[in-house]
Amino acid sequence: MKKLAASLALTAAMALMPQMAGAQNYPERTISMIVPFSAGGPTDTVARLVAEAMSRDLGQQVIVENVGGAGGTVGASRVASAEADGYTLLLHHIGMATSATLYRNLSYDPLGSFEYAGLVTEVPMTIIARPDFPAEDLQGLIAYVKENADDVTYANAGIGAASHLCGMLFMSEIDTQLTTVPYQGTGPAMTDLLGGQVDFMCDQTTNTTSQIQAGAVKAYAVTSGERLDQLPDLPTAAEGGLASMQFGIWHGLYAPKGTDAAIVERLSKSLQIALKDQNVIDRFASLATTPEPEENATPAALKAKVESEIARWRPLIEAAGVYAD
């Protein structure tokens with residue numbers, strides 16, 4: 001009996017040896033970082049900066065691959081079903097949490113289908129309009145859209161996008177439903193806003209800061225708790241009377257469920273190093289955001305964020321009755 005037990009233990013240990021060796025030598029080849037949105041968008045910008053810095057630390061290339069569609073769920077689903085070897089990662093934003101309610105037939109579980117590496121950054125949103133929009137400040141914008149609700153158009157980058165969520169929250173706060181115009185990504189929405197085809201939108205500072213600084217759009221508010229150094233003349237939403245619109249679009253790094261704990265830890269440590277990279281810090285600053293501190297770039301912090309954000313957004317989405325499927 002003792003011989004049998006010893007034999008079974010030896011067999012189990014031998015079976016684990018390749019996995020342990022793989023974790024110890026990780027990474028040995030190129031890593032794919034899936035961004036579930038189109039190239040050139042805000043999340044893509046964040047991902048490429050982080051991937052470049054992580055590549056230097058890991059000694060292997062981290063290549064960003066854009067797999068857009070269905071509010072980020074196509075790319076997330078691909079990573080959820082990928083081999084759990086650490087070579088397919090996901091960099092996703094707040095949509096990881098909101099998809100749990102927006103999609104009633106989701107092919108993966110945001111809380112059960114992934115391993116968490118850590119938080120990356122939290123990007124404020126800005127409320128902007130076409131340059132010739134009549135309102136001069138946030139209170140004027142609110143008054144105008146309430147009086148002209150049937151005519152005003154709100155642009156977003158599709159259901160589940162950050163701009164969609166921000167618009168949903170804005171309409172809830174002012175108790176007014178507006179005509180929304182969904183686009184296939186942030187780029188086309190911004191193009192039509194600049195051209196005057198739509199009236200206003202809400203988007204991340206990573207995508208709007210340069211447009212605001214150049215005077216190409218009319219800016220009304222930022223959703224951060226304080227004014228931004230890069231946009232000191234732009235009031236916060238709270239200053240304009242929308243205190244509940246203090247929020248940001250947070251981003252996190254994930255791996256498929258079952259990825260070896262040692263690999264997840266290596267990825268988390270590499271993320272922490274990347275977020276201290278001076279180029280990342282400087283580029284984030286130019287986009288009016290900052291890297292998460294080391295204590296937030298951890299598996300525990302990201303998991304807690306996903307859990308709390310699912311709880312925060314579920315009642316809002318259910319009350320709006322707007323689902324993606």
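Note that the structure is a prediction, hence the values are computed from the model and not measured.

Conventions and cut-offs
- Residues numbered from 1 in each chain as written.
- Predicted model: local features only at pLDDT ≥ 70, side-chain atom pairs only at ≥ 80, totals over all residues.
- Heavy atoms only, no water.
- Core = buried A, V, L, I, M, F, W, Y, C linked by side-chain atoms within 4.5 Å.
- Buried < 20%, exposed > 50% of the residue type's maximum accessible area, 1.4 Å probe, protein only.
- Helix = DSSP H or I, 4+ residues; strand = E, 2+ residues; numbered from the N terminus.
- Contact = heavy atoms within 4.5 Å.
- 1 Å grid on protein atoms, 1.4 Å probe; cavity = no way out; pocket = protein on both sides within 12 Å on 5 of 7 lines; lining within 4 Å.
- Points joined across faces, edges and corners; volume = space filled by probe spheres on them.
- Salt bridge = Lys/Arg side-chain N within 4 Å of Asp/Glu carboxyl O.
- Phe/Tyr/Trp six-rings, centres within 6.5 Å; stacked < 30°, edge-to-face > 60°.
- Lys NZ or Arg CZ within 6 Å of the ring centre and 35° of its normal.

Draft legend 1. How the structure looks around the nonpolar core. Formed by 68 residues in total, the largest nonpolar core has its most connected members in Ile127, Leu141, Phe170 and Phe200. Looking at which element gives the most residues to this core, the answer is helix H6 (residues 162-174), with eight residues. Filtering out sequence-adjacent residues up to four positions away, Leu141 remains in contact with Ile127, Phe133, Ala135, Phe170, Phe200 and Tyr220. Membership of the second largest hydrophobic core comes to 32 residues, among which are Met33, Leu49, Val62 and Leu91.

Draft legend 2. Expanded view of the layout of surface pockets. Considering only enclosed or pocket space, the largest pocket measures out at about 370 Å³ in volume. Lining the largest pocket are 26 residues; nearest its centre among them are Phe37, Ala157, Ala161, Gln184 and Gly185. Breaking the lining of the largest pocket down by element, the ones donating at least two residues are helix H2 (42-58), H6 and strand E7 (200-204).

Draft legend 3. Local environment of the pattern of salt bridges. By the definition in use, this model includes 15 salt bridges. The salt bridge involving Arg56 is made with Glu52; its shortest N-O contact spans 3.5 Å. Highlighted residues: Arg56 and Glu52, both in helix H2, separated by four residues, approximately one helical turn. What makes Glu52 partly exposed here is its relative accessible area of 40%. Note that Glu122 and Lys305 form a salt bridge whose closest N and O atoms lie 3.5 Å from each other. Taken as a pair, Glu122 in strand E4 (residues 114-129) and Lys305 in helix H11 (residues 299-320) lie far apart in primary sequence, 183 residues in all.

Draft legend 4. View of the packing of aromatic side chains. Taken as a whole, this structure holds eight aromatic pairs when the rule is applied. Centre to centre, the rings of Phe133 and Tyr144 are 5.1 Å apart; their planes meet at 75°, and the pair counts as edge-to-face. With a gap of eleven residues between them, Phe133 in the loop between E4 and helix H5 (138-147) and Tyr144 in helix H5 connect regions that are remote in the sequence. Residue class for Phe133 comes out buried when judged on its relative accessible area of 1%. The structure contains a cluster of three or more aromatic residues connected by ring pairs, namely Tyr108, Phe114, Tyr116 and Tyr254. Just above the ring of Tyr87 sits the side chain of Arg29; from NZ or CZ to the centre is 3.8 Å.

Honestly, that's just the spatial picture; any functional story needs more than this.
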